[in-house]
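# Close look at the chain arrangement
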Amino acid sequence: MKSLFLISLLSATLLMAQEGVHPLKAEYEQLFEKRKKIEEQSHNERIRILQEADSCIKSAKTPQEYKACEQKEQQSRQQLKEKLHPQLEALKNEREVLKEKVLKQREERMKNQQYPKGTIATH
């Protein structure tokens, strides 16, 4: 999902760069900052989960205790994934809306360009 987000962001950036204009640049920067915050939260939570699992495993005295530690780690990772999924989906939707705005602005600029009869637009 991370790579899909980055690819979409890069393709939109390239599209804007080709036109020499950066419409809605501030909005793209806000999306990027939101994504960074989500990733920072994810990293911190995963570190916490691993530290707890490490401590639990080190203190395990029986195979059953070890198995319980592994199950708790797996459950914690799943809960984190479920917690972050709505935020990532909302961000994805925001990105799609912004992408549509950029495309509409591009279409409007293309429509508003005036060319004398008989000429061909080459860019």
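The preceding data block contains the structure.
Our subject in this report is the structure included herewith.

How each quantity is defined
Residues numbered from 1 in each chain as written. Predicted model: local features only at pLDDT ≥ 70, side-chain atom pairs only at ≥ 80, totals over all residues. Heavy atoms only, no water. Axes fitted to C-alpha atoms, helices over the stretch in contact; angles between N-to-C directions. Helix = DSSP H or I, 4+ residues; strand = E, 2+ residues; numbered from the N terminus. Parallel < 35°, antiparallel > 145°, perpendicular 65-115°, else oblique. Nonpolar A, V, L, I, M, F, W, Y, C, P; charged D, E, K, R; others polar. Salt bridge = Lys/Arg side-chain N within 4 Å of Asp/Glu carboxyl O. Buried < 20%, exposed > 50% of the residue type's maximum accessible area, 1.4 Å probe, protein only. Disulfide = S-S within 2.5 Å.

## Brief notes about the packing of helix H2 (residues 25-59) against helix H3 (residues 63-112)
One way to put it is that H2 packs onto H3 with a least axis distance of 10 Å and a crossing angle of 175°. Taken together, the axes of H2 and H3 are roughly antiparallel relative to one another. Of the residues that constitute the contact of H2 with H3, the class distribution is 16 nonpolar, five polar and 15 charged.

## Brief notes about the pattern of salt bridges
In the structure shown here, the tally under the stated rule is nine salt bridges. For Glu94, the salt bridge identified is with Lys34, shortest N-O distance 2.7 Å. With Glu94 in helix H3 and Lys34 in helix H2, this residue pair connects regions lying 60 residues apart in the sequence. Classification of Glu94 as partly exposed rests on a relative accessible area of 34%. For Arg48, the salt bridge goes to Glu45, with nearest N and O atoms at 3.0 Å. Placement of both Arg48 and Glu45 in helix H2 is noted, with a separation of three residues, approximately one turn of the helix. Classification of Glu45 as partly exposed rests on a relative accessible area of 23%. Salt bridges sharing partners connect three or more residues here, namely Glu45, Arg48, Glu52 and Lys72.

## A short note on the state of the cysteines
On inspection of all chains with the given rule, the structure shows one disulfide. Each disulfide pairs two cysteine sulfurs, and for Cys56 the partner residue is Cys69, the sulfurs being separated by 1.9 Å. The sign of the -75° torsion about the S-S bond sets the Cys56-Cys69 disulfide as left-handed. On the criterion of sequence distance, the pair formed by Cys56 in helix H2 and Cys69 in helix H3 is long-range, its members being 13 residues apart.

Nothing here speaks to function; it is all geometry.
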